Amino acid sequence: MKIFQTSVPAFIIVILAAGWISGLVSGLTLPLLVSAQLEQVVPYEEAVARLAVEEAAQAALEAGADSPEYGLAYETLPGARKYDGPGLARSMPIETKEVWLSWMRNNRNDAPAFLEDRWNLAQDFVLSSELKRPEDARAFLLAPREHFVRARNKGLEYADTWLPIGYGATITDPDVVAMMTTTLNINPGDKVLEIGTGSGYQSSILSYLTSEVYTIEIIKPLFIETDSLYRDLEKFYPAYGSINRKLGDGYYGWEKYAPFDQIIVTCAIDHIPPPLLRQLKPGGVMVLPLGPPGRQYIMEVKKEVAEDGSIILSRRDVYNGLRVSFIPFRDEAGTSYSGPVTE
Ligand code: SAH
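Residues numbered from 1 in each chain as written. Predicted model: local features only at pLDDT ≥ 70, side-chain atom pairs only at ≥ 80, totals over all residues. Heavy atoms only, no water.

## Section: the packing of helix H5 (residues 97–107) against helix H6 (residues 115–127)
- One can describe the packing of H5 onto H6 by two numbers: an axis separation of 11 Å at closest approach and a directional angle of 135 degrees. Judged by the angle between their axes, H5 and H6 are oblique. Like other packed secondary-structure pairs, H5 and H6 cross with a definite hand, here right-handed. For the pair H5 and H6, contact is made by Lys-97, Trp-100, Leu-101, Met-104 and Arg-105 and by Leu-115, Glu-116, Arg-118, Trp-119 and Asn-120, respectively.
- The residue makeup of the contact of H5 with H6, split by class, is five nonpolar, one polar and four charged. (Axes fitted to C-alpha atoms, helices over the stretch in contact; angles between N-to-C directions. Helix = DSSP H or I, 4+ residues; strand = E, 2+ residues; numbered from the N terminus. Parallel < 35°, antiparallel > 145°, perpendicular 65-115°, else oblique. Left-handed = near helix turned anticlockwise from the far one by under 90°. Contact = heavy atoms within 4.5 Å. Nonpolar A, V, L, I, M, F, W, Y, C, P; charged D, E, K, R; others polar.)

## Points about the sheet that holds strand E6 (residues 260–265)
- Strand order in the open sheet formed by seven strands is E5-E4-E3-E6-E7-E8-E9, and the pairing between neighbours is mixed. The sheet terminates laterally at strand E5 (243–247) and strand E9 (311–317), the two strands that pair on one side only. Between one strand axis and the next, the sheet turns by 15 degrees as a mean value, whatever way the strands run.
- Bridge count between strand E3 (residues 191–195) and E6: four bridges; the pairing is parallel. By the bridge assignment for E6, Leu-193 is matched with Ile-263.
- Each of E3, E6, strand E7 (280–290), strand E8 (297–305) and E9 is contacted by helix H8 (residues 174–184), which is oriented at about 165 degrees to E7, the strand it contacts most. (Pairing = 2+ DSSP bridges.)

## Structural notes on the site of the ligand
- Among the 26 residues in the neighbourhood of the ligand, the closest are listed as Ser-199, Glu-217, Asp-249, Gly-250 and Arg-330.
- Between the ligand and the protein, one listed contact pairs an oxygen atom with a backbone N or O atom of Gln-202 at 3.2 Å.
- Coverage of the ligand by the protein amounts to 100% of the 570 Å² it exposes when considered alone.
- Secondary-structure elements contributing two or more residues to the shell around the ligand are strand E2 (169–171), E3, helix H9 (201–206) and strand E4 (212–217).
- By residue number, the principal contributor to the shell around the ligand is E2, which donates three residues.
- Here the residues of the shell around the ligand sort into 12 nonpolar, 10 polar and four charged. (Near = heavy atom within 4 Å. Polar contact = N/O pair within 3.5 Å; in protein donor to acceptor, adjacent residues only side chain to side chain. Areas by Shrake-Rupley, 256 points an atom, 1.4 Å probe, with all protein chains shown as cover.)

## A look at the pattern of salt bridges
- Counted according to the given criterion, the structure contains 14 salt bridges.
- The closest approach of N and O atoms between Glu-135 and Arg-133, which form a salt bridge, is 3.5 Å.
- On the accessibility criterion, Glu-135 (13% relative accessible area) is buried.
- Arg-231 is the partner of Asp-227 in a salt bridge, and the nearest nitrogen-oxygen pair spans 3.1 Å. One end of the pair, Asp-227, and the other, Arg-231, are both in helix H10 (residues 220–233), four residues apart, so they sit about a helical turn from each other. Taken individually, Asp-227 and Arg-231 each receive the classification buried, so the pair is uniform in this respect. (Salt bridge = Lys/Arg side-chain N within 4 Å of Asp/Glu carboxyl O. Buried < 20%, exposed > 50% of the residue type's maximum accessible area, 1.4 Å probe, protein only.)

## Quick word on the packing of H6 against helix H7 (residues 134–142)
- Packing of H6 against H7 leaves a shortest axis separation of 9 Å and a crossing angle of 155 degrees. In this view, H6 runs roughly antiparallel relative to H7, as classed from their interaxial angle. H6 and H7 meet at a crossing whose hand is right-handed. Residues Arg-118, Trp-119, Leu-121, Ala-122, Phe-125 and Val-126 of H6 lie in contact with H7, whose contacting residues are Ala-137, Phe-140, Leu-141 and Leu-142.

## Some points on the confidence of the model for the protein
- The pLDDT averaged across the protein works out to 81; a share of 76% of its residues lies at or above 70.
- Here residues 1–54 is modelled with pLDDT under 50, and outside its nearest four sequence neighbours on either side it reaches 78 contacts, counting other chains as well.
- Across residues 65–80, where pLDDT falls below 50, the model places 36 contacts with residues more than four positions away in sequence or in other chains. (pLDDT = per-residue confidence, 0-100.)

## Some details on the packing of aromatic side chains
- All chains considered together, the criterion is met by 17 aromatic pairs.
- With a centroid separation of 5.6 Å and 85 degrees between ring planes, the pair formed by Phe-125 and Phe-140 is classed as edge-to-face. With Phe-125 in helix H6 and Phe-140 in helix H7, the pair connects residues that are 15 residues apart, well separated along the chain. Both residues of the pair, Phe-125 and Phe-140, count as buried.
- For the pair Phe-148 and Tyr-201, a centre-to-centre distance of 6.0 Å together with 50 degrees between the ring planes defines the contact as tilted. Here the residue Phe-148 occupies a position in the loop between H7 and strand E1 (163–166), and Tyr-201 occupies one in helix H9, the gap between them amounting to 53 residues.
- Through a chain of ring-to-ring contacts, the aromatic side chains of Phe-148, Tyr-201, Tyr-208, Tyr-230, Tyr-237 and Tyr-240 assemble into a single cluster. (Phe/Tyr/Trp six-rings, centres within 6.5 Å; stacked < 30°, edge-to-face > 60°.)

Okay, structure coming up:
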C-alpha cells in the first residue's frame, strides 16, 4: 500500500517484489507475474472506429440529452448472463477462495487468469478493513479491473497502484477505491453520484451495490472511450447498462437526479463544492480527496439538517492521516478549482 501517488515505477517494483517474496513464502504461483491472457479484450481500434458514431451521440448530449441511449441486446449474445447487479453483492458465495473461484467459473464469464489475483487483493483489503462490509467485498470481487487498466499496463491489472489512463487521468489505486467505496455504505436502491468517471472502474464497483449510479466525466475523449468500453462490457456485465453517464463539469453535480444518498468525488479539491453539498440528502455521505495539489486527505463528510433548518457537517479522515494525490478537479477550461465558486 502506498501513501503518495508520485512515482509509478518505484511503487510497482516494490509491489512486485513484495508479491514475489510473499509468493515464494507461501509457495503459491506469483500472482502479479502471471502472464495473463485477456479473454474479452475490447480492441482499442474498435473504440476508435466508433468515435464517429459516438460524435453523433455526443452532439445529442450537448444539445441537452443527459445520457446516450443504450440499446444493446446483450441477451442474444453467447455467454451473456441474464442477471448481473446488486443482488450478486448480497448472494455470491465468498466463504473461501475455492468456493468463490468455483462459483465464478460456473456462473460468470470473467477471464479465469485474473480471478486469483482479484481474490488476493480483496482479501488483503478485508483484513486491513479497507473493505468493511461483505457486500462491499463482493462488489469489489465482481468488478473486472483488467478491462479498465490500459493494455500497455498489462501485468499490473491487480497491482495495488494507480495507473495512467491517458489525458492526464488515472485509474485510482485499488485500496483507495475499496476504502472510498466502503465509506459510502451503499444499500440497494440508494442514489449515488460519482464525479470523475475516468476509466469507469469505480462506477463498475458501485453498479454492484445499487442500480442507481450516476457518473460525470469532464474530459470528452475519455468520456467517449469509457462509454464505448461500457457498451462492449454490457454484453458480459449487464449491470453496466444501468450506469448513467454524463459529459460535463461535475462541480455542479447532476441537478436533474438530485438529491443523492452518496456522492464520491475522485478528483482532488481544496474545498467541498457547495452544489454537491446541496445535492446530498440529509443523512447522506460524501467522500472526497480534500486538500492542496499533490496531497489530500480522504475525507468522509456527513450532512445532517437540524430542526431549525441549519446544516450540520461532520468530517472524518478515513485514511488515518495518510495522504493521497488525486488528479485535480478542474473546470471546462482546464483550470483547477481553488476555493468555492460564488454562484
Ligand atoms: N474514478 C476514476 C478515477 C479517474 S481520475 C476511475 O475509477 O478510474 C479523476 C477523473 O476526474 C479524471 O478522469 C478527470 O478527468 C475527472 N475530472 C476532473 N475534474 C472534473 C470535473 N470538474 N467534472 C468531472 N470529472 C472531472
